[in-house]
Amino acid sequence: MDHKTIMTGAAALMMFLGGQAANAQMIPQSGQAAEAQMMPQAEQTEMQKVFTLKECMEYAISNSTKVRIQQATNGDNQVARRDAILAAFTPSISGDAYVYSNFGRTIDPESNTYISSTSFNNAWSVSAGINLFNGFEAVNNLRITKTSKAMGISQEQQIKDQICLATIEAYCNVVYYTRLNGILKDQVETAENSLKLAKRQEELGQKGYADVVQMAADLADKEYQLVTAQNSLNDAYITLKDVMFWPITEPLEIDGSIAEDADWQYEGMLQNEADERTVIEKAKSTLPDIFIAIGTMDNARMELRTAKWQIAPSLSLYAGWSTSYYTYPGQEGYVPVPFWNQFRNNGGEYVQLSLSIPIFDRLSRHSNVARKKNAYRRATAEYEQKVREVEAEVSRAIQDRDGASAAFIQADKRADVQEEAYRLNKKKFEQGLISSIEFHTASDTYLNAMAERLNAMLQYQIKKKVVAYYNGIHYLDQE
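Residues numbered from 1 in each chain as written. Predicted model: local features only at pLDDT ≥ 70, side-chain atom pairs only at ≥ 80, totals over all residues. Heavy atoms only, no water.

If you look the protein up in an unreviewed UniProt entry, it shows as TolC family protein from Candidatus Cryptobacteroides merdavium. Annotation of the protein in UniProt includes, under Sequence similarities (unreviewed entry), the sentence "Belongs to the outer membrane factor (OMF) (TC 1.B.17) family." (UniProt positions renumbered as here; feature names shortened; annotations may be inferred.)

This is how it looks when you write it as structure tokens:
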């Protein structure tokens, strides 16, 4: 499973300090007031609320078309399960009735000779049949449909987990760019004040024109970075709305407290949690991917057994009852036997035991067995491959979580030091003790440190949730 991550510190440095702009479009706002008036009150209330991460995941799952498609497939699996049960334990029953009238020459049922007359005939029949032995096909179909039903439930859970992970990543991207916008707005405000101070100092002869130009360039650079960050934020919102199946043109407010300073940032980071082998075994016993691979392998084995038994004879039992009524309307002197008398007297029953022995069918049954063997070998190999992939994914996820934890701790320490250094350099610049170039360098270093700290914090949260998911806790059940 490949996990997308939010922007790394190096990428943030290139984008916001190197000046690379993201191609994002602003969310259209025109016509939203009119659309809001047409919405039901409940929908308007939902649009105005602030969504937490868990609420975003719940909304995404409840509105996902992929989930609805899989639920429809699960409905088909339930129907197939019912059909397999009925086919194994109940006979097929059918009833027939017909009426016809014949004009001209016909056979007299009483004398069995041809006569020229008009006749009326009516017949009824009921028949039933059941397979007594068909190579255990019915029994194997029961097992196959039971496994398919369980696989459908696992596939639905797999889709929900994928939606939750995509929502977490999109949510963290929005939080990242929202916080980055706040940092850049402060930087722009500081750059504006520094430019005003430099102009005033130039008037007093304390600064040269080159210093003023440098501060103006610094302000333009910060404003450009802010516009780029705002565009990236708009693009991140569009991505989150798309994952959640939220109306693209409607505003979405989310709770950004996940990025606030709190004690949770360090809780558990340095503690010894479940070891790697325990998490791997837990993942192999809980992940929907493993259940699906096992179900596919089990069904392939059942289909192989069915194909092998198709070479054996099949035995079926049939039974039926029929009766008829006839008369010659308009024939002079003819008195028909009463209907109910004919109904009883013409009735007949039959019981049939049928044995079918395959002799030669151009080796189609043998070819089917060969194909099922290949399908079973393929399913077995795919299961082993999936287990191997899960083991590698869990190991990589644990390593990524531990690496993200260490990176955040260092980024947090670095940001604290850079914040203090920036505060001191700002005072020195106001006092004229450092040049505008030195202050610009200090400002960029501080901005980069804050961006990388924010990125490392959100990276750690994503990696931590992924490991918890592998340890048997679904994303919606995590705090």
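Colleague: So what's going on with the UniProt feature "coiled-coil region" (unreviewed entry) in the protein? Residues and values would help.
Modeller: According to UniProt, the feature "coiled-coil region" (unreviewed entry) maps to residues 369–400 in the numbering used here. Here residues 369–400 is 100% helix and 0% strand, with 46 Å between the C-alpha atoms at its ends. (Helix = DSSP H or I, 4+ residues; strand = E, 2+ residues; numbered from the N terminus.)

Colleague: Break down the nonpolar core for me, citing the residues and quoting the values.
Modeller: Ranked by size, the top nonpolar core spans 73 residues in total, and within it Ile254 and Tyr470 carry the most contacts. Listing elements by their share of this core, those giving two or more residues are helix H4 (53–63), helix H6 (137–203), helix H7 (209–244), helix H8 (276–286), helix H11 (364–430) and helix H12 (436–470). The dominant element in this core, judged by the number of residues it contributes, is H6, at 19 residues. Sequence-distant contacts of Ile254, that is, excluding residues within four places in its chain, are made with Val50, Phe51, Cys56, Tyr171, Val174, Val175, Tyr237 and Leu240. (Core = buried A, V, L, I, M, F, W, Y, C linked by side-chain atoms within 4.5 Å. Buried < 20%, exposed > 50% of the residue type's maximum accessible area, 1.4 Å probe, protein only. Contact = heavy atoms within 4.5 Å.)

Colleague: I'd love a proper account of the packing of H6 against helix H9 (residues 288–309), names of residues and values included.
Modeller: Geometry of a packed helix pair, given as the angle between the helix axes and the separation of the axes. One way to put it is that H6 packs onto H9 with a least axis distance of 9 Å and a crossing angle of 165 degrees. Judged by the angle between their axes, H6 and H9 are roughly antiparallel. As for how H6 packs across H9, the hand of that crossing is left-handed. Of H9, the residues touching H6 (which contributes Glu137, Asn140, Arg143, Ile144, Thr147, Ser148, Met151, Ser154, Gln155, Gln157, Gln158 and Asp161) are Pro288, Asp289, Phe291, Ile292, Gly295, Thr296, Asp298, Asn299, Met302, Glu303, Arg305 and Thr306. (Axes fitted to C-alpha atoms, helices over the stretch in contact; angles between N-to-C directions. Parallel < 35°, antiparallel > 145°, perpendicular 65-115°, else oblique. Left-handed = near helix turned anticlockwise from the far one by under 90°.)

Colleague: Account for empty space enclosed by the protein, naming residues and giving values.
Modeller: A probe as big as a water molecule, rolled over the atoms, marks out the empty space that is left. Scanning all chains against the criterion turns up two cavities of 30 Å³ or more. By volume, the second largest cavity is sized at about 30 Å³. As for the second largest cavity, its lining consists of Gln187, Thr190, Ala191, Asp218, Lys222, Tyr422, Phe439 and Ser443. Of all the secondary structure elements, the ones that give two or more residues to the lining of the second largest cavity are H6, H7 and H12. Per-element tally for the lining of the second largest cavity: the top contributor is H6, with three residues. A breakdown of the residues in the lining of the second largest cavity according to their chemical character gives three nonpolar, three polar and two charged. (1 Å grid on protein atoms, 1.4 Å probe; cavity = no way out; pocket = protein on both sides within 12 Å on 5 of 7 lines; lining within 4 Å. Points joined across faces, edges and corners; volume = space filled by probe spheres on them. Nonpolar A, V, L, I, M, F, W, Y, C, P; charged D, E, K, R; others polar.)

Colleague: Go over a positive patch on the surface with me, naming the residues and quoting the values.
Modeller: Together, Arg143, Arg305, Lys308, Lys373 and Arg377 make up a region of like positive charge exposed at the surface. Every element with two or more residues in the positive patch is listed here: H9 and H11. Assignment of secondary structure puts Lys373 in helix H11. (Patch = residues over 30% accessible without salt bridge, like charges linked within 9 Å, V, L, I, M, F, W, Y side chains within 5 Å. Areas by Shrake-Rupley, 256 points an atom, 1.4 Å probe, with all protein chains shown as cover. Salt bridge = Lys/Arg side-chain N within 4 Å of Asp/Glu carboxyl O. Lys, Arg positive; Asp, Glu negative; His and termini not counted. Charge placed at Lys NZ, Arg CZ, Asp CG, Glu CD.)

Colleague: If you had to explain the packing of aromatic side chains to someone new, which residues and values would you point to?
Modeller: For the structure on display, the rule yields 19 aromatic pairs. Summarising the aromatic geometry, the rings of Phe136 and Trp309 are spaced 4.8 Å apart at their centres and angled 80 degrees between planes, so their arrangement reads as edge-to-face. A residue pair is termed long-range when its members are at least 10 positions apart, and Phe136 in the loop between strand E3 (114–133) and H6 and Trp309 in helix H9 qualify at 173 residues. Looking at Trp309, the relative accessible area reads 39%, which means it is partly exposed. Judged by centre distance (5.9 Å) and plane angle (25 degrees), the ring pair of Tyr422 and Phe439 falls under stacked. One end of the pair, Tyr422, is in helix H11; the other, Phe439, is in helix H12, and 17 residues separate them in sequence. In this pair, the class of Tyr422 matches that of Phe439, namely buried. (Phe/Tyr/Trp six-rings, centres within 6.5 Å; stacked < 30°, edge-to-face > 60°.)

Colleague: Give me the lowdown on H8, citing residues and values where you can.
Modeller: Burial in H8 covers these residues: Val279, Ile280 and Ala283. For H8, the buried positions fall inside an angular range of 100 degrees around the axis, keeping them on one side. The secondary structure elements touched by the buried residues of H8 are H9, H11 and H12. (Arc of directions from axis to C-beta.)

Colleague: Give me the lowdown on the pattern of salt bridges, citing residues and values where you can.
Modeller: For the structure shown, the criterion picks out 18 salt bridges. A salt bridge links Asp83 to Arg82; its shortest N-O distance comes to 3.5 Å. Its salt-bridge partner being Glu281, residue Lys284 comes within 3.4 Å of it at the nearest N-O pair. Of the two residues, Lys284 and Glu281 are both situated in helix H8; the distance of three residues between them amounts to about one turn of the helix.

Colleague: Just give me the short version of the side chain of Asn122, but keep the residues and values in it.
Modeller: For Asn122, the position within the fold is in strand E3. A polar contact of 2.7 Å, which involves the side chain of Asn122, links it to the backbone oxygen of Tyr98. Apart from residues lying up to four places away in sequence, Asn122 is in contact with Tyr98, Val99, Thr323, Ser324, Tyr325 and Phe339. (Polar contact = N/O pair within 3.5 Å; in protein donor to acceptor, adjacent residues only side chain to side chain.)

Colleague: Could you give an account of unusual backbone geometry, naming the residues involved and the relevant values?
Modeller: Of note in this structure, Phe136 is not a glycine but carries a positive phi near 60 degrees. Even without being a glycine, Leu363 presents a positive backbone phi close to 60 degrees. As for its position among the elements, Leu363 is in the loop between strand E6 (348–356) and H11.

Colleague: Let's hear about the environment of Ile292: which residues, and what values?
Modeller: When you line up the elements, Ile292 lands in helix H9. For the pair Ile292 and Tyr383, spaced 91 residues apart in sequence, the C-alpha separation works out to 8.8 Å.

Colleague: Got a sec to walk through a negative patch on the surface? Specific residues and values, please.
Modeller: Residues Asp186, Glu189, Glu192 and Glu223 make up a contiguous surface patch of negative charge. Here the negative patch takes three residues from H6, the largest share from any one element. Residue classification places Glu192 among the partly exposed residues on the basis of a relative accessible area of 33%.

Colleague: Let's hear about the packing of H9 against H11: which residues, and what values?
Modeller: The interhelical angle for the contact between H9 and H11, taken along N-to-C directions, is 165 degrees, at an axis separation of 8 Å. Comparing their axes, H11 and H9 come out roughly antiparallel. Between H9 and H11 the crossing geometry is left-handed. Where H9 abuts H11, its residues Asp289, Ile290, Ala293, Ile294, Thr296, Met297, Ala300, Arg301, Glu303, Leu304, Ala307 and Lys308 lie against Asn368, Val369, Lys372, Lys373, Ala375, Tyr376, Ala379, Thr380, Tyr383, Lys386, Val387 and Val390. Residue composition of the contact of H9 with H11, by class: 14 nonpolar, three polar and seven charged.

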